[in-house]
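# Breakdown of the fold
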Amino acid sequence: MMSGRRPDRALRQRNGRVTPYSTQRKAREERGPDFLPDYNPTTDQLEALADVVSKTWHLHHCSPLWSLATSTSQLRSYSQQLVAHLSTNGVGGEGAGGPAQFTARVSALPRFGLDGSEALWITIAKRAAQKGKPLVEALLCKPAEHGTPAAGFTSLPLLLLRGPTHLSRQLLAWLQAAFDCHTSPASLVPDDLSLLVAQYATAEKAGRGLGSVEMVYSLPSAVKEAGLSTVALQLPFESAVTVWEATSSAQDHRKAFTQMLCEHIHRHFSIKLSVSYF
């Protein structure tokens, strides 16, 4: 049986003095959990991130890109090639070869990744549209160490994409043709999503987050036929942190986090989220 006394108190107070253990523990508490990266973005990185956060993205895998160059002249050439691709495929003009109705911009974001790696930012907009209102946005980046690609290839394995389906498909087609790469939709398993929720909540606790997080569950087809397709759970960051800390002693922390949330919904609403897709 576990007593009500905090197990670390005896270690922290011994012979009327503070032990090195307590000093180390305090330092860990001040900097947050070990899974939260010590990320101190530069001004340029913050400006780049401002275009990424608070938006809904479709995630894709992207294999290494062949012969990618990020000089100013080459990026300008990529932009022109993308516009030509849209026009040739009947998207950028009045049928194949028609006048271009879209503009495209391919740019590099230096030191965007946690490891200081470069990212590629692509936008497509209507030629007559107001500046700053792109129809399609895409970000290719390497959020963490991802191995060393073969000579001549650049590894940007994560592709974030948002915009109309027909334009997004043409952008993916151009990427694959221009850089001899392959893109495919990416999905995260529920345990990984749980870890992301906890990371997000802890960042908010440390003053670096953006607010509450919404967890959406897709229900089985049998339930959808009855008229209920999804269940959305709005989770304030304080609650996420509380649940994460309460399950910290579990053997599989991430699964315990998800299970506790599912049990909460079942207890109050009799809905089994465990059979749903998170």
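Since the model is a prediction, treat every value here as computed from it, not as a measurement.

Parameters and conventions
- Residues numbered from 1 in each chain as written.
- Predicted model: local features only at pLDDT ≥ 70, side-chain atom pairs only at ≥ 80, totals over all residues.
- Heavy atoms only, no water.
- Axes fitted to C-alpha atoms, helices over the stretch in contact; angles between N-to-C directions.
- Helix = DSSP H or I, 4+ residues; strand = E, 2+ residues; numbered from the N terminus.
- Parallel < 35°, antiparallel > 145°, perpendicular 65-115°, else oblique.
- Left-handed = near helix turned anticlockwise from the far one by under 90°.
- Contact = heavy atoms within 4.5 Å.
- Nonpolar A, V, L, I, M, F, W, Y, C, P; charged D, E, K, R; others polar.
- Pairing = 2+ DSSP bridges.
- Core = buried A, V, L, I, M, F, W, Y, C linked by side-chain atoms within 4.5 Å.
- Buried < 20%, exposed > 50% of the residue type's maximum accessible area, 1.4 Å probe, protein only.
- pLDDT = per-residue confidence, 0-100.
- Phe/Tyr/Trp six-rings, centres within 6.5 Å; stacked < 30°, edge-to-face > 60°.
- Lys NZ or Arg CZ within 6 Å of the ring centre and 35° of its normal.

This part is about the packing of helix α4 (residues 72-88) against helix α5 (residues 165-179). At a minimum axis distance of 10 Å, the contact between α4 and α5 shows a crossing angle of 125°. Relative to α5, the element α4 lies oblique. In the crossing of α4 with α5, the sense of the turn from one axis to the other is right-handed. Residue-level inspection shows Y78, Q81, L82, H85 and L86 of α4 in contact with α5, the latter providing L167, Q170, L171, A173, W174 and F179. In terms of residue class, the contact of α4 with α5 is built from eight nonpolar, three polar and no charged.

Pairing between the strands of a sheet comes from backbone hydrogen bonds, and it takes one of two forms, parallel or antiparallel. Reading across the sheet, the six strands line up as β5-β6-β7-β9-β3-β10 and stay open at both edges, with antiparallel pairing between neighbours. Two strands lie at the open edges of the sheet, namely β5 (102-109) and β10 (183-185), each paired on one side alone. On average, each strand axis in the sheet is inclined to that of its neighbour by 20°, with strand direction left out of account. Inspection of the sheet shows strand β7 (residues 136-141) paired to strand β9 (residues 158-162) by five bridges, in the antiparallel sense. Its bridge partner lying in β9, A138 is registered against L161.

Looking now at the nonpolar core. Among the nonpolar cores identified, the biggest contains 28 residues, and I122, L140, L171, W174 and L175 are the most heavily contacted of them. Those elements that provide at least two residues to this core are α4, β5, β6 (119-126), β7, β9 and α5. Here the element with the most residues in this core is α5; it accounts for six residues. In this view, L175 contacts I122, L140, L159, D180 and C181; residues no more than four positions away in its chain are not counted. V197, A198, V213 and A240 belong to the second largest nonpolar core, which has 17 residues in total.

Before going further, it helps to spend a moment on the pairing of β9. Alignment of strand β3 (residues 58-62) against β9, held across four bridges, turns out to be antiparallel. Counted as the bridge partner of H58 is L161 from β9.

What follows concerns the confidence of the model for the chain. Model confidence for the chain is summarised by a mean pLDDT of 76, while 72% of its residues fall at 70 or above. Predicted confidence for residues 1-37 stays below pLDDT 50, and this span has 26 contacts to residues more than four positions away or in other chains.

Locating T123 in the fold gives a position in strand β6. Excluding its chain neighbours within four sequence positions, the residues that come into contact with T123 are T103, A104, R105, P134, V136 and E137.

Before going further, it helps to spend a moment on the packing of aromatic side chains. According to the stated counting rule, one finds six aromatic pairs in the structure shown. For the pair W57 and W121, a centre-to-centre distance of 6.3 Å together with 70° between the ring planes defines the contact as edge-to-face. Here W57, found in the loop between α3 (43-50) and β3, pairs with W121, found in strand β6; they are 64 residues apart in sequence, far enough to count as distant. A relative accessible area of 16% places W57 in the buried class. Three or more aromatic residues link up through ring pairs in this structure, and these residues are Y78, W174 and F179. Here the basic side chain of R162 rests over the ring of W57, its NZ or CZ set 5.8 Å away from the ring centre.

By the secondary structure assignment, L82 is in helix α4. Measuring from C-alpha to C-alpha, the distance between L82 and L175 comes to 8.7 Å, with 93 residues separating the pair along the chain. Setting aside residues up to four positions removed in sequence, L82 forms contacts with A104, I122, I124, L171 and W174.

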